[in-house]
Amino acid sequence: MAKVILQDVRCSYVFAHQERKDGGFGVQPLVEKGSALHKKLIKVVDKVLVEKFGQDALKKKARYKLPLRDGDEERDGEEYEGMIFFNANSGKKPGIVNRNNEPADIDDIEEYCYSGAYFHVSVNIYPFEAKEGGKPGVAVGLNNIMLRKKGDRLDGSVSATSEFADFAEDDDFEDDDF
């Protein structure tokens, strides 16, 4: 197993503060192909694969389920163009901190924790054995998240503060007018 902290990565499918419908928590980091981070992830995945399954595993990668996936081949959407992606999952809620390394409050979560935002993400890359006729391989576990900065939303939604910005406390309307 190897721990890696991904810095300033954009994530899709962000289920860090609320559980997915099918259970569990997770994020899907998007990493530029050929970047230093992409190369580091390949090395770490290969190291974990060899530690568990031996040196020959590198020659026979098709026999294993591996986490790094090609966005150009497996996904539609411009956010995946030129990117690799992987799923980082956890059965328990990850720790979430704000930019000041303080526990994130509800305002931080609403403003910075969504699909398309940028995060520091702590993950464990670990091997697993085959289950029920499947392949053995390497997976990524989600540990903790630091909220970093806003990005274009990938889920099509708009924040409430953006949606109602034109209506904020600028009017002359009194509560007594009701």
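Residues numbered from 1 in each chain as written. Predicted model: local features only at pLDDT ≥ 70, side-chain atom pairs only at ≥ 80, totals over all residues. Heavy atoms only, no water.

**Q** Looking at this model, I keep getting lost on the packing of aromatic side chains. Mind explaining?
**A** Between two aromatic rings, the relevant description is the distance of the centres plus the angle of the planes. One pass over the full model with this rule turns up two aromatic pairs. Between F53 and Y64, the aromatic rings sit 4.9 Å apart at their centres with planes inclined by 45°, giving tilted as the arrangement. Taken together, the residues F53 in helix α1 (residues 36–53) and Y64 in the loop between α1 and β3 (69–70) connect sequence positions eleven residues apart. Y64 sits in the buried class, given a relative accessible area of 15%. Look at Y80 and F85: their rings are 5.3 Å apart centre to centre, the planes differ by 75°, and that puts the pair in the edge-to-face class. With respect to class, Y80 is no different from F85; both count as buried. The aromatic ring of Y80 is capped on one face by R75, whose charged end is 5.9 Å from the ring centroid. (Phe/Tyr/Trp six-rings, centres within 6.5 Å; stacked < 30°, edge-to-face > 60°. Helix = DSSP H or I, 4+ residues; strand = E, 2+ residues; numbered from the N terminus. Buried < 20%, exposed > 50% of the residue type's maximum accessible area, 1.4 Å probe, protein only. Lys NZ or Arg CZ within 6 Å of the ring centre and 35° of its normal.)

**Q** Before we go on, may I ask you to explain the side chain of D108 in this structure?
**A** Along the chain, D108 falls in helix α3 (residues 106–112). Buried and without a salt bridge, D108 has R99 as its closest oppositely charged side chain, separated by 9.1 Å. What D108 contacts, discounting residues up to four positions off in sequence, is N98, P103, C113 and L147. (Lys, Arg positive; Asp, Glu negative; His and termini not counted. Salt bridge = Lys/Arg side-chain N within 4 Å of Asp/Glu carboxyl O. Contact = heavy atoms within 4.5 Å.)

**Q** How should the nonpolar core be read in this particular structure?
**A** Generally speaking, nonpolar side chains in soluble globular proteins are found buried as a group. Counting residues in each nonpolar core, the largest one holds 34 residues, and the members touching the most others are L6, F119, V121 and I125. Residues contacting V121, with those up to four places away along its chain left out, are V4, I5, L6, V9, C11, V27, L142 and N144. (Core = buried A, V, L, I, M, F, W, Y, C linked by side-chain atoms within 4.5 Å.)

**Q** Looking at this structure, how should I read the pattern of salt bridges?
**A** Oppositely charged side chains can form a pair if their charged atoms are brought close together. In this structure the tally under the stated criterion is ten salt bridges. One salt bridge in this structure joins R20 and D22, with 3.3 Å as the shortest N-O distance. For D22, a relative accessible area of 64% translates into the label exposed. Among the ionic pairs, D72 bridges to K33, the shortest N-O distance being 2.6 Å. Residue D72 is found in helix α2 (residues 71–74), and its partner K33 is found in the loop between β2 (25–32) and α1; the two are separated by 39 residues along the sequence. You can call K33 partly exposed: its relative accessible area is 26%. Connected through salt bridges with shared partners, the residues K33, D70 and D72 form a single ionic network.

**Q** Looking at this structure, how should I read the pairing of strand β1 (residues 2–15)?
**A** The side chains of a regular strand alternate, residue by residue, between the two faces of the sheet. Here seven bridges tie β1 to strand β7 (residues 118–128), and the two strands are oriented antiparallel to one another. Note on β7: the bridge partner recorded for V4 is V123. Here β1 runs beside β2; their pairing, made up of four bridges, is antiparallel. Bridge pairing in β2 places R10 opposite L30. (Pairing = 2+ DSSP bridges.)

**Q** Explanation requested: α1 in the structure shown.
**A** Each turn of an α-helix holds 3.6 residues, which means side chains three or four residues apart point in the same direction. The end-to-end C-alpha separation of α1 is 26 Å, in line with the 26 Å expected for 18 residues at 1.5 Å each. Three or more residues of α1 are buried, namely L37, H38, L41, V44, V45, D46, V48 and L49. Against the buried residues of α1 lie β1, β2, β4 (83–85), β7 and β8 (137–149). Taken from the residues just after α1, G54 is the one with a positive phi, measuring 95°. (Expected span 1.5 Å × (residues − 1).)

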